[in-house]
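Listed below, chain by chain, are the residues.
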Amino acid sequence: MAGIWIYSEDTIIAQQIITLGRELAGKMQQPVCALTMVEQDAQTLIAAGADKVIVLKGDNAWPESYAAAVAGQAAQQQPTVLFVGATLRGKDLAAKIAATLKTGLITDAQKVQFVDGALETERMLYGGLAVCTEVLNGMNVITIPPRAYDVPPQDPSRSGEVVAVDVQTESTMAVGNVCPIVRKGADIAVAEKLVCIGRGLAKQEDMQLAQDLATAIGAEMCCTRSVAEDYHWMPVEAYVGLSGQKVKPIIYLSMGVSGQIQHVAGIRDSKLIVAIDTNENAPIFAAADYGIVGDLYQVVPLLTEAIKNKA
Ligand SMILES: Cc1cc2nc3c(=O)[nH]c(=O)nc-3n(C[C@H](O)[C@H](O)[C@H](O)COP(=O)(O)OP(=O)(O)OC[C@H]3O[C@@H](n4cnc5c(N)ncnc54)[C@H](O)[C@@H]3O)c2cc1C
């Protein structure tokens, strides 16, 4: 077996997965090997903890065109496991690699451990209602969501092997134009403080209440899917949850958010959850560290005032 393999076309995510790779490397007695299509990234990956970097040199800029190439390398070198960053492109690539290798594919693993000589993964099922634990046998492809692990510190004194391999890429797709997504607000996925609004707000103008509180505590605003997709009060990249953004703030404060399972799936990693809702049976209170049962129109201005007075 030839190690713990890691690939993401996003170098930051690749480094996050190297953190996992290093956690497992000692226990599994396996080296950490990163794959990249960008030769200049090799030293960054080594400084982050890779023992070896395989640079795939093909004539195509699109990662998903490298599925056969990665599968071919894996078939030759037999890694113990291949971790792929769960970006849209990564998911596409991972599925193709697993299908080519006729091996298992575990998607969006939240946790990976080495227990009793086998890899064990945990991932959410049924929209976050259950956690599924799988014990793996043989080589598998596992996708890891962005930010599941921290980026390790760079250690420029680390050395590692860099191997460049010429590979064939698939070119069934022709890309005519690429338009970057223009983000309309802050990146809530990395925000340290978040104020989240839900359908408990009666009118769009009332968002100012939430904005005032957000300003007082230095938070970014986010919302539920209903607010973004039904009301169109905020852009879709501002909604949190299973089909929205997964957030990891130090504090997440919601108002008028019922806390349906698909929403809570996106806030589980928040350090502190505070919820304001009129319905004492709202599911958000089961997820919250602190709950205020009350009308947001009364509670939020008082809270904002109290915070401002304390500052
Ligand atoms: C496949 C699928 C994927 C989904 N993915 C997501 C996702 O990623 N993210 C997401 O958010 N949703 C998602 N949803 C939708 C989700 O199921 C809920 O419908 C949605 O999160 C509800 O949004 P809400 O809390 O704003 O509204 P509601 O559920 O209507 O809750 C409003 C809350 O406001 C409270 N309230 C009313 N007035 C006041 C007041 N004056 N003061 C205080 N509280 C008040 C009510 O008591 C209630 O709890 C998904 C659904 C499906 C089927």
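Note that residues are indexed from 1 along each chain, following the sequence as it is written. Given that this is a predicted model, residues contribute local features only at a pLDDT of at least 70 and side-chain atom pairs are listed and counted only at 80 or more, while totals for whole chains, interfaces and linings are drawn from all residues. In computing side-chain values, all of the structure's heavy atoms are included and hydrogens and water are not.

Caption draft 1: Just the layout of surface pockets, in detail. Quantified by volume, the largest pocket comes out at close to 1,700 Å³. Only protein atoms enter the calculation, which uses a 1 Å grid: trapped sets of points that fit a 1.4 Å probe without letting it out are cavities, open sets showing protein on both sides within 12 Å along at least five of seven lines are pockets, and any residue with an atom within 4 Å of a point is a lining residue. Ala86, Pro146, Arg147, Gly244 and Gln245 are the residues nearest the centre of the largest pocket, which is lined by 47 residues in total. We count a stretch as a helix when DSSP gives it H or I for four or more residues in a row; a strand needs E for two or more, and each element gets its number in order from the N terminus. At the level of secondary structure, the elements contributing two or more residues to the lining of the largest pocket comprise helix 1 (11-28), helix 4 (88-101) and strand 7 (118-125). It is strand 7 that contributes the most residues to the lining of the largest pocket, 4 residues altogether. Looking at the lining of the largest pocket, you find at least three residues from each of domain 1 (4-166) and domain 2 (188-310). If you go around the second largest pocket, you meet 24 residues; those closest to its centre are Arg199, Thr224, Ser226, Val257 and Ser258. Mapped by element, the contributors of at least two residues to the lining of the second largest pocket are helix 6 (225-230), helix 7 (261-264), strand 14 (272-277) and helix 9 (296-310). Its residues placed into classes, the lining of the second largest pocket shows 7 nonpolar, 13 polar and 4 charged. Grid points are joined across faces, edges and corners, and a volume is the space filled by probe spheres set on the points. Domain start and stop points were drawn from an automatic or database domain assignment. The nonpolar class holds Ala, Val, Leu, Ile, Met, Phe, Trp, Tyr, Cys and Pro. Asp, Glu, Lys and Arg form the charged class, and all remaining residues, Gly among them, are polar.

Caption draft 2: Representation of the sheet that holds strand 6 (residues 111-115) within the structure. Strand pairing is defined by DSSP finding a minimum of two bridges between the two strands. Taken together, the 3 strands give an open sheet; going across it, the order is 6-7-8, and neighbouring strands pair in antiparallel fashion. The open sheet has two free edges, formed respectively by strand 6 and strand 8 (130-135), since each of these has just one partner strand. Each strand axis lies, on average, 25° off the axis of its neighbour in the sheet, ignoring direction. When checking whether two residues touch, look at their non-hydrogen atoms; a contact exists if any pair is within 4.5 Å. Axis definition: a line fit to C-alpha positions, over the contact stretch in the case of helices; interaxial angles, taken between N-to-C directions, run 0 to 180 degrees. Across the sheet, helix 1 touches strand 6 and strand 7, and the angle it forms with strand 6 is around 5°.

Caption draft 3: Inspection of the sheet that holds strand 5 (residues 104-106) at higher detail. In spatial order, the strands read 5-9-4-1-2-3-10; together these 7 strands make up an open sheet with parallel pairing. Only two strands of the sheet have a single partner each, and these edge strands are strand 5 and strand 10 (161-166). Ignoring strand direction, the axes of neighbouring strands in this sheet form an average angle of 20°. Examined bridge by bridge, strand 3 (residues 52-57) and strand 10 share 6 bridges and lie parallel to one another. Opposite Val55, over in strand 10, you have Ala164 as the bridge partner. Strands in contact with helix 4 are strand 1 (4-7), strand 4 (81-85), strand 5 and strand 9 (140-144); relative to strand 4, the strand with the most contacts, it is inclined by about 155°.

Caption draft 4: A look at the pattern of salt bridges. Within this document, salt bridges are pairs made up of a side-chain nitrogen of Lys or Arg and a carboxyl oxygen of Asp or Glu, the two lying within 4 Å of each other. Across all of its chains, the model carries 9 salt bridges by this definition. Linking Arg22 and Asp51 is a salt bridge whose minimum nitrogen-to-oxygen distance equals 3.3 Å. One end of the pair, Arg22, is in helix 1; the other, Asp51, is in the loop between helix 2 (42-48) and strand 3, with 29 residues separating them in the sequence. The rule is simple: take the accessible area with a 1.4 Å probe, protein chains only, and divide by the maximum for that residue type; under 20% is buried, over 50% is exposed, in between is partly exposed. Taking relative accessible area as the criterion, Arg22 reaches 33% and is therefore assigned partly exposed. Across the pair Glu134 and Arg123 runs a salt bridge whose closest N-O atoms are separated by 2.8 Å. Within this pair, whereas Glu134 is found in strand 8, its partner Arg123 is found in strand 7, the two being separated by 11 residues in sequence. For Arg123, a relative accessible area of 18% translates into the label buried. In the salt-bridge network here, residues are joined through shared partners; they are Arg22, Asp51 and Arg158.

Caption draft 5: A look at the environment of Asn177. Secondary-structure assignment places Asn177 in the loop between strand 10 and strand 11 (193-197). Residue Asn177 is classed as exposed on the basis of its relative accessible area, which comes to 62%. Each C-alpha atom, one on Asn177 and one on His263, is 34 Å from the other, the two residues being 86 residues apart in sequence.

Caption draft 6: The arrangement of helix 1 in detail. Take the residue count of a helix, subtract one, and multiply by 1.5 Å to get its expected span. Over its 18 residues, helix 1 runs 24 Å from end to end, which matches the ideal 26 Å to within 8%, given 1.5 Å per residue. Every buried residue of helix 1 is listed here: Ile13, Ala14, Gln15, Gln16, Ile17, Ile18, Leu20, Gly21, Leu24, Ala25 and Met28. With its phi angle positive at about 55°, Gln29 sits one or two positions after the end of helix 1.

Caption draft 7: Layout of the packing of aromatic side chains. Pairs were defined over the aromatic rings of Phe, Tyr and Trp, the Trp ring being its six-membered one, requiring ring centres within 6.5 Å. Orientation was assigned from the angle between planes: stacked under 30 degrees, edge-to-face over 60, tilted for the rest. Enumeration according to the criterion identifies 1 aromatic pair in this entry. On the basis of an interplanar angle of 50° and a centroid distance of 4.7 Å, the ring pair of Tyr231 and Trp233 is categorised as tilted.

Caption draft 8: Broad picture of the site of the ligand. Lining the immediate surroundings of the ligand are 25 residues, of which Thr224, Val240, Ser243, Ser258 and Asp277 lie closest. Definition of a polar contact: a pair of N or O atoms within 3.5 Å, with one able to donate and the other able to accept a hydrogen when the atoms are protein atoms, and with sequence-neighbouring residues admitted only if both atoms are side-chain atoms. Separating an oxygen atom of the ligand from a side-chain N or O atom of Ser258 is a distance of 2.6 Å. Here a nitrogen atom of the ligand and a backbone polar atom of Leu296 are 2.8 Å apart. Its residues assigned to classes, the shell around the ligand shows 6 nonpolar, 15 polar and 4 charged. One heavy atom suffices: a residue is near a molecule or strand as soon as one of its heavy atoms comes within 4 Å of it.

Nothing here speaks to function; it is all geometry.
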